Amino acid sequence: MLSLNFRRALKGITLDVALDAPGGEVTAVFGPSGVGKSSIINILCGDLDADEGRAALGDTVLFDTPSGHGLAPDARGERQWGALARAVLSGPRVLLLDEPFSALDVALREAVMDAVLAAGREMSVPARLVSHSVIEIKRLAASVHVLEEGRIKASGTPDTVLP
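1. Notes on the pairing of strand β9 (residues 143–148)
In step 1: Burial analysis of β9 places five of its six residues in the buried class, which makes it a mostly covered element.
In step 2: Taken together, the four bridges between strand β3 (residues 26–30) and β9 define a ladder with parallel strand orientation. Bridging across to β9, F30 finds its partner in V146.
In step 3: Here five bridges tie β9 to strand β10 (residues 151–156), and the two strands are oriented antiparallel to one another. Of the residues in β10, the one forming a bridge with H145 is S155.
In step 4: A loop of two residues connects β9 with β10, the two strands running antiparallel in sequence, and E149 in this loop sits at a positive phi of about 50°.

Encoded structure:
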């Protein structure tokens, strides 16, 4: 279980996230540009600090601002499929995927999505996906959180939350 509860002031908005995402499946964050989707991944990776709050993966605290505790996850999802393959092969505890398929052609995109699904099933690795693509989210994610103006406005299965 990935538990998030944090705030971060960004340019023009305040990112205010509170959610619990089950392990062993893909959970997506969806929304228009500029609402804070990538900032969530950057905060989880340790590339950006939360102003206040806490994140934990199971019993492992990723960060806790009141105590000053911080710990970056084992692997980061990146845009290049080679980096994604290295991340999966490294035995991560969580995959953080920020638009990982956007630069791939259709055939390679399908193959890489299949690999992400297989890795999640075989290794029980939870994945957090940020995407603008409804098609990718519906194909990969068991649940989705729709972000608007820095806040989660809707949560549920892709078929019930997305157009």
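2. Regarding the pattern of salt bridges
In step 1: For the structure on display, the rule yields six salt bridges.
In step 2: Note that E52 is salt-bridged to R7, the shortest N-O span being 3.9 Å. With E52 in strand β4 (residues 52–57) and R7 in strand β1 (residues 2–10), this residue pair connects regions lying 45 residues apart in the sequence.
In step 3: Notably, a salt bridge pairs R139 with D114, separated by 2.1 Å at the nearest N-O pair. Of this pair, R139 sits in helix α4 (residues 134–140) while D114 sits in helix α3 (residues 106–123), and the two are 25 residues apart along the sequence.

3. Here we look at the side chain of R128
In step 1: The residue R128 is located in strand β8 (residues 127–131) in this model.
In step 2: For the buried R128, no salt bridge is present, and the opposite-charge side chain at shortest range is E25, 6.2 Å distant.
In step 3: Separated by 3.1 Å, the side chain of R128 and the backbone oxygen of E25 make a polar contact.

Reading guide: rules and limits
- Residues numbered from 1 in each chain as written.
- Predicted model: local features only at pLDDT ≥ 70, side-chain atom pairs only at ≥ 80, totals over all residues.
- Heavy atoms only, no water.
- Buried < 20%, exposed > 50% of the residue type's maximum accessible area, 1.4 Å probe, protein only.
- Helix = DSSP H or I, 4+ residues; strand = E, 2+ residues; numbered from the N terminus.
- Pairing = 2+ DSSP bridges.
- Salt bridge = Lys/Arg side-chain N within 4 Å of Asp/Glu carboxyl O.
- Lys, Arg positive; Asp, Glu negative; His and termini not counted.
- Polar contact = N/O pair within 3.5 Å; in protein donor to acceptor, adjacent residues only side chain to side chain.

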